[in-house]
Amino acid sequence: MAVLHSNMLAQMKSHGMVYGDRGYLEIDSVNNCTNIKVYEGFKKVTCYKVPDQINGYEYELLACARAMEAGQTECEEMPHSETLRLMKILDTVRAEWGLKYPCE
């Protein structure tokens with residue numbers, strides 16, 4: 001089960017909770033996570049500090065830099081085959097919606 005809230009007109013807290021049968025996780029600032037607290041029952045057992053981020057895209061940049069330094073033409077994290085697979089899905093959805101861009 002999932003309960004999600006989204007709003008473009010009101011300010012909302014940006015934290016997330018993931019519940020399991022033995023406890024839960026509390027994620028501060030899901031859009032740019034700062035830390036993750038782990039609870040067993042209602043007792044906090046640990047807290048993982050997430051390294052500072054700029055906007056989340058730095059992971060893509062670092063993966064690209066690693067691939068280039070290794071002389072690779074694609075990143076292991078996002079190979080060309082996966083990019084093509086996702087583009088086919090998006091093309092299918094656009095066709096079903098009848099969405100066309102001016103350049104088409």
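Here's what I pulled together on the structure shown here. The structure displayed is predicted, hence computed values, not measured ones.

Relative to the 26 Å expected for 18 residues at 1.5 Å per residue, helix H2 (residues 80-97) spans 26 Å between its end C-alpha atoms, a close match to the ideal helical length. Directly beyond the C-terminal end of H2, a positive phi value near 75° is found at glycine 98.

Sheet analysis places strand E2 (residues 23-28) next to strand E3 (residues 35-40), joined by six bridges and oriented antiparallel. Paired with aspartate 28 across the strands is asparagine 35, a residue of E3. Between E2 and E3, which follow one another and run antiparallel, lie six residues, and serine 29 among them has a positive phi close to 55°. For E3 and strand E4 (residues 43-49), the ladder comprises six bridges, and the chain directions are antiparallel.

Turning next to the pattern of salt bridges. Tallied over the full model, the rule gives six salt bridges. In this structure, aspartate 91 and arginine 94 form a salt bridge, with 3.3 Å as the shortest nitrogen-oxygen distance. You can see aspartate 91 and its partner arginine 94 sitting in helix H2, three residues apart, about one turn around the helix. Arginine 94 sits in the buried class, given a relative accessible area of 16%. As a salt-bridge pair, arginine 94 and glutamate 104 come within 3.0 Å of each other at their nearest N and O atoms. Placement of the pair is arginine 94 in helix H2 and glutamate 104 in the segment after H2, with a sequence separation of 10 residues. Where salt bridges share partners, they join Asp91, Arg94 and Glu104 into one cluster.

A word on unusual backbone geometry. Positive phi outside glycine occurs at serine 29, with the angle close to 55°. With respect to the secondary-structure elements, serine 29 resides in the loop between E2 and E3. By relative accessible area, serine 29 is classed as partly exposed at 27%.

This paragraph deals with helix H1 (residues 58-69). Counted at 1.5 Å a residue, the expected span for H1 with its 12 residues is 16 Å, and the 16 Å between its end C-alpha atoms agrees. Buried residues of H1: Glu58, Ala63 and Ala67, and no others. Positive phi appears at glycine 71, one or two residues downstream of H1, with a value of about 75°.

Definitions and cut-offs
- Residues numbered from 1 in each chain as written.
- Predicted model: local features only at pLDDT ≥ 70, side-chain atom pairs only at ≥ 80, totals over all residues.
- Heavy atoms only, no water.
- Helix = DSSP H or I, 4+ residues; strand = E, 2+ residues; numbered from the N terminus.
- Expected span 1.5 Å × (residues − 1).
- Pairing = 2+ DSSP bridges.
- Salt bridge = Lys/Arg side-chain N within 4 Å of Asp/Glu carboxyl O.
- Buried < 20%, exposed > 50% of the residue type's maximum accessible area, 1.4 Å probe, protein only.

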